[in-house]
Amino acid sequence: MIPYAENNRTDQNIQTELENFMAETENNEIERQEPAVAEIVGKAIFSQKYDEYAFFYQSAIRQLTTKLQIVSADFSRNNDRSPIESITSRVKSLESIAAKMEHKGLELNLDNMISNINDTAGIRVICPFLKDVYEVADMLLKQKDVELIKIKDYIKNPKKSGYRSLHLIVKTSVLFSDGIREIPVEIQIRTIAQNFFASTDHQIRYKRQSKITPEIHKKMLECAELMANADEQMQKLAEKVEI
């Protein structure tokens, strides 16, 4: 016969084991919650500081816009016309930046935003003629405190949609009270005709519930070619009258 094993566990032992188990379970639950809590706190801090972060980008835009205005004025002084029709700018919204950083798996902070998101700040420059696009870009990039990071020439290599524009990613040195910061800015330079197509194409393609059939896409490409041909003809005419 198997001898009976006497149960020496007292009520106090059982109570202690139960308390230890509950404490361990609670600690495990806290550990599981900590990453989620930290993420929520991180988002809240990023949201509160975004206006401060946006200030750095707005300052870079002001600096580059001033440079572009000087480039235009200097060109006008020597050529009796302006190579720039208009300059507009924007800083992306908090929601847009946060979504982009989360998609890239980045922690929400200023250093990550500056190092990994190049189009937080954007400037759009509209020029009368094709030649102006490249001359404005060249004059801007000659500035000592403007560094070219990347260039995408959608004029020479249009997108499949027919979109044409010259895109520059640059960094500019901006002096703040706590030192110099290198701020990235995306600059889009395009002609009036290219901007007309880009604006209307965006309205058609990205309107809610819009259905782009192959026939519509083909017609839009034909419009893009019409705009491109118009640019080329206007450039030739400008060269004939030597402007």
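Everything that follows concerns the structure shown earlier in this document.
The following refers to the structure shown. (Residues numbered from 1 in each chain as written. Predicted model: local features only at pLDDT ≥ 70, side-chain atom pairs only at ≥ 80, totals over all residues. Heavy atoms only, no water.)

### Considerations on the pattern of salt bridges
Applying the stated criterion to the full structure yields 11 salt bridges. The residue K142 makes a salt bridge to D138 at a minimum N-O spacing of 3.4 Å. For D138, a relative accessible area of 40% puts it in the partly exposed group. (Salt bridge = Lys/Arg side-chain N within 4 Å of Asp/Glu carboxyl O. Buried < 20%, exposed > 50% of the residue type's maximum accessible area, 1.4 Å probe, protein only.)

### Observations regarding helix 2 (residues 94-103)
Of the positions making up helix 2, those classed as buried are I97, A98 and M101. For helix 2, the arc enclosing every buried residue in end-on projection is 100°, short of the 170-degree limit, so these residues lie on one face. Seen from the buried face of helix 2, the exposed residues on the opposite side, beyond 90 degrees, are E95 and H103. With its phi angle positive at about 75°, G105 sits one or two positions after the end of helix 2. (Helix = DSSP H or I, 4+ residues; strand = E, 2+ residues; numbered from the N terminus. Arc of directions from axis to C-beta.)

### Some words on the sheet that holds strand 3 (residues 146-153)
Overall, mixed pairing links the 5 strands, which are arranged 1-2-5-4-3 in an open sheet. Unpaired on one side and paired on the other, strand 1 (86-91) and strand 3 mark the two borders of the sheet. In this sheet, adjacent strand axes meet at a mean angle of 25° when their direction is disregarded. Two strands pair when backbone bridges link them, and strand 1 and strand 2 (residues 121-127) are joined in this way by 6 bridges, in the antiparallel orientation. When the sheet's bridge partners are listed, S86 is paired in strand 2 with I126. Those strands touched by helix 4 (residues 130-141) are strand 2, strand 3, strand 4 (166-176) and strand 5 (179-191), and its axis lies near 170° from that of strand 5. (Pairing = 2+ DSSP bridges. Axes fitted to C-alpha atoms, helices over the stretch in contact; angles between N-to-C directions. Contact = heavy atoms within 4.5 Å.)

### Details of helix 4
Between its first and last C-alpha, helix 4 extends 17 Å over 12 residues, near the 16 Å set by a 1.5 Å rise per residue. Those residues of helix 4 not exposed but buried are L130, D132, V133, V136, A137 and L140. Viewed along the axis of helix 4, the buried residues span an arc of 165°, placing them on a single side of the element. (Expected span 1.5 Å × (residues − 1).)

### Considerations on unusual backbone geometry
You will see that D80, though not glycine, has its phi angle at about 65°, which is positive. Take D80: it is sitting in the loop between helix 1 (11-79) and strand 1. Given the relative accessible area of 75%, D80 is considered exposed.

Scope: geometric values only; no functional claims are made or implied.
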